[in-house]
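Understanding the architecture of this molecule
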Amino acid sequence: LRAEDKPWFYLLTGLLAELENPEAPGSREAAFERAAGVAVSAEQAAFFRTLALREAIRRAPADEALAKTLRREVEASWGSPAAFSFLREHAVVLHQLGRVAEAERWIDRALSDPRSGIGAAERDQLLLLRVLLQGIDTVGGRAALRELVRNGQDRGATLPALQLLAGVESELGKAEF
């Protein structure tokens, strides 16, 4: 296998082992750790760490320990492309913990800091996440939708934003059209 494919091999091997023996403790986590350990770049290692954390979010309710882990990962990867994945998961966990304002502050920080490592497509996805955190029927949510439709570069984010903007049937939405 090529070096860049080895992490995927180890991840898939671990996931297959888990399928064969679902009661085996830690096989999934070990697979993610091993994949990150043989990654060929910091970005690839961060990707596998993000997958592991996303799996932790999916399997159990969010807790303060997970939020702290994600915050450390965001801070450690700030300025690199890996920051986006950790930031997105961190915002989701903060939302689950009822800390929406804090999640929004992290998103705002990334959007306003040119050294954050967040590219144009990631910026658009963060705007869409902001809409989901604030709600499409709020002034802030609709402002984020309008900004995304006007200035978005990622069609994967701008198309849902346009659909949401056009489909809102609230008094706020009717007043704009």
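The structure reproduced in this document is the subject of the present report. (Residues numbered from 1 in each chain as written. Predicted model: local features only at pLDDT ≥ 70, side-chain atom pairs only at ≥ 80, totals over all residues. Heavy atoms only, no water.)

**Here's the deal with the overall build of the protein**
The secondary structure content of the protein amounts to ten helices and zero strands. Along the protein, helices and strands appear, N-terminal first, in the series α-α-α-α-α-α-α-α-α-α. Within the protein, the fraction of its 177 residues that count as buried is 40%. Residue pairs in contact within the protein that sit at least 24 positions apart in sequence constitute 56% of those at least 6 positions apart. When the accessible surface of the protein is totalled, it reaches about 9900 Å², and 55% of it is carbon and sulfur. In the protein, 23 side chains carry a positive charge and 26 a negative one; their mean positions are 3 Å apart. (Helix = DSSP H or I, 4+ residues; strand = E, 2+ residues; numbered from the N terminus. Buried < 20%, exposed > 50% of the residue type's maximum accessible area, 1.4 Å probe, protein only. Contact = heavy atoms within 4.5 Å. Areas by Shrake-Rupley, 256 points an atom, 1.4 Å probe, with all protein chains shown as cover. Lys, Arg positive; Asp, Glu negative; His and termini not counted. Charge placed at Lys NZ, Arg CZ, Asp CG, Glu CD.)

**A few points about the packing of aromatic side chains**
Summed over the entire model, instances satisfying the criterion amount to five aromatic pairs. Here Trp8 and Phe47 contribute two aromatic rings whose centre-to-centre distance is 5.7 Å and whose plane-to-plane angle is 50°, an arrangement assigned as tilted. In this pair, Trp8 is assigned in helix H1 (residues 6-20) and Phe47 in helix H3 (residues 42-59), connecting sequence segments 39 residues apart. For Phe47, a relative accessible area of 35% puts it in the partly exposed group. (Phe/Tyr/Trp six-rings, centres within 6.5 Å; stacked < 30°, edge-to-face > 60°.)

**So, helix H5 (residues 83-96)**
Taking 1.5 Å of rise per residue, the 14 residues of H5 would be expected to cover 20 Å, and the 20 Å separating its terminal C-alpha atoms lies within 8% of that figure. Considered for burial, the residues of H5 that qualify are Ala83, Phe84, Ser85, Phe86, Leu87, Glu89, His90, Ala91, Val93 and Leu94. Contacts made by the buried residues of H5 are with H3, helix H4 (64-77), helix H6 (100-112) and helix H7 (120-134). Of the residues flanking the end of H5, it is Gly98, one or two places downstream, whose phi is positive at about 80°. (Expected span 1.5 Å × (residues − 1).)

**Points about the nonpolar core**
One broad rule of soluble globular proteins: the nonpolar side chains tend to lie buried together. Ranked by internal contacts, the top residues of the largest apolar core, which has 34 residues, are Leu70, Phe86, Leu87, Val93, Ile107 and Leu126. When contributions to this core are tallied by element, the ones reaching two or more residues are H3, H4, H5, H6, H7, helix H8 (139-151) and helix H9 (155-167). Dropping the residues within four chain positions of it, Leu126 is found in contact with Phe84, Leu87, Ile107, Ala110, Leu111 and Ile118. Counting seven residues, the second largest nonpolar core, distinct from the first, contains Leu11, Ala31, Phe32 and Leu51. (Core = buried A, V, L, I, M, F, W, Y, C linked by side-chain atoms within 4.5 Å.)

**Concerning H3**
Taking 1.5 Å as the rise per residue, H3 with 18 residues should run 26 Å; its terminal C-alpha atoms sit 26 Å apart, in good agreement. Taken as a whole, H3 has its buried residues at Gln44, Ala45, Ala46, Phe48, Thr50, Leu51, Leu53, Glu55 and Ile57. Against the buried residues of H3 lie H1, helix H2 (27-37), H4 and H5.

**Describing the environment of Gln96**
You can see Gln96 is positioned in helix H5. C-alpha of Gln96 to C-alpha of Gln163: the two residues are 67 residues apart in sequence and 25 Å apart in space. Not counting chain neighbours up to four residues away, the residues in contact with Gln96 comprise Ile57 and Ala62.

**Section: the pattern of salt bridges**
Taken as a whole and judged by the stated rule, the model has ten salt bridges. We note a salt bridge from Arg88 to Glu89, for which the minimum N-O separation is 3.4 Å. Of the residues examined, Arg88 reaches a relative accessible area of 24% and is grouped as partly exposed. On the basis of relative accessibility, which here comes to 7%, the residue Glu89 falls in the buried class. One salt bridge connects Glu102 with Arg99, and the closest N-O pair in it is separated by 2.8 Å. Taking relative accessible area as the criterion, Arg99 reaches 24% and is therefore assigned partly exposed. (Salt bridge = Lys/Arg side-chain N within 4 Å of Asp/Glu carboxyl O.)

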